[in-house]
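Summary of structural features
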Amino acid sequence: MSDDWCIYINGKPIILAFDNLSYVRMTPAIDDMMTSAWTGYPYDGAKEHYVLDIEHRDKAMKVVHALLAS
């Protein structure tokens, strides 16, 4: 792994950035928004996460806001 990050918002870990992909944890709060998202494991031993497409900023911001509220 190289250039790996955990992005916190308001003290809460929201996005894991590993190997040029952004991962968010799978939660009921975002399941409906992420039905077509890829999934993957950000690092060995991790639980499965959604891959967040940050190129679509509006959708990514909705996901982040939903995670903050959960």
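Our structure's up above, just so we're on the same page.
For the rest of this paragraph, the subject is the sheet that holds strand β4 (residues 39-40). Within the open sheet, the five strands sit side by side as β1-β2-β3-β5-β4. Their pairing is antiparallel. Each end of this open sheet is capped by a strand with a single partner; those strands are β1 (5-9) and β4. Bridge analysis of β1 against strand β2 (residues 12-18) gives five bridges, and the strand direction is antiparallel. Its bridge partner being in β2, I9 is matched across the sheet by K12.

Another aspect to go through is the environment of P13. Its location among the elements puts P13 in strand β2. Take P13: its relative accessible area is 43%, and that puts it in the partly exposed class. The contact partners of P13, leaving out residues within four places of it in the chain, are C6, I7 and Y8.

On to the nonpolar core. I14, I15, V24, I30, M34, Y50, L52, A60, V63, V64, A66 and L67 form the largest nonpolar core, which has 12 residues in total. Elements supplying a minimum of two residues to this core: β2, β5 (49-52) and α1 (57-69). Ranked by the residues each element gives to this core, the list is headed by α1, at five residues. Ignoring anything within four residues of it in the chain, the contact list for A60 reads L52, D53 and I54.

At N10, a residue that is not glycine, the phi angle is positive and equals roughly 55 degrees. Mapped onto the fold, N10 is located in the loop between β1 and β2. Positive phi is not limited to glycine here, since D19 has a value of about 50 degrees. Along the chain, D19 turns up in the loop between β2 and β3 (21-25). D19 sits in the partly exposed class, given a relative accessible area of 49%.

Basis of the calculations
Residues numbered from 1 in each chain as written. Predicted model: local features only at pLDDT ≥ 70, side-chain atom pairs only at ≥ 80, totals over all residues. Heavy atoms only, no water. Pairing = 2+ DSSP bridges. Helix = DSSP H or I, 4+ residues; strand = E, 2+ residues; numbered from the N terminus. Buried < 20%, exposed > 50% of the residue type's maximum accessible area, 1.4 Å probe, protein only. Contact = heavy atoms within 4.5 Å. Core = buried A, V, L, I, M, F, W, Y, C linked by side-chain atoms within 4.5 Å.

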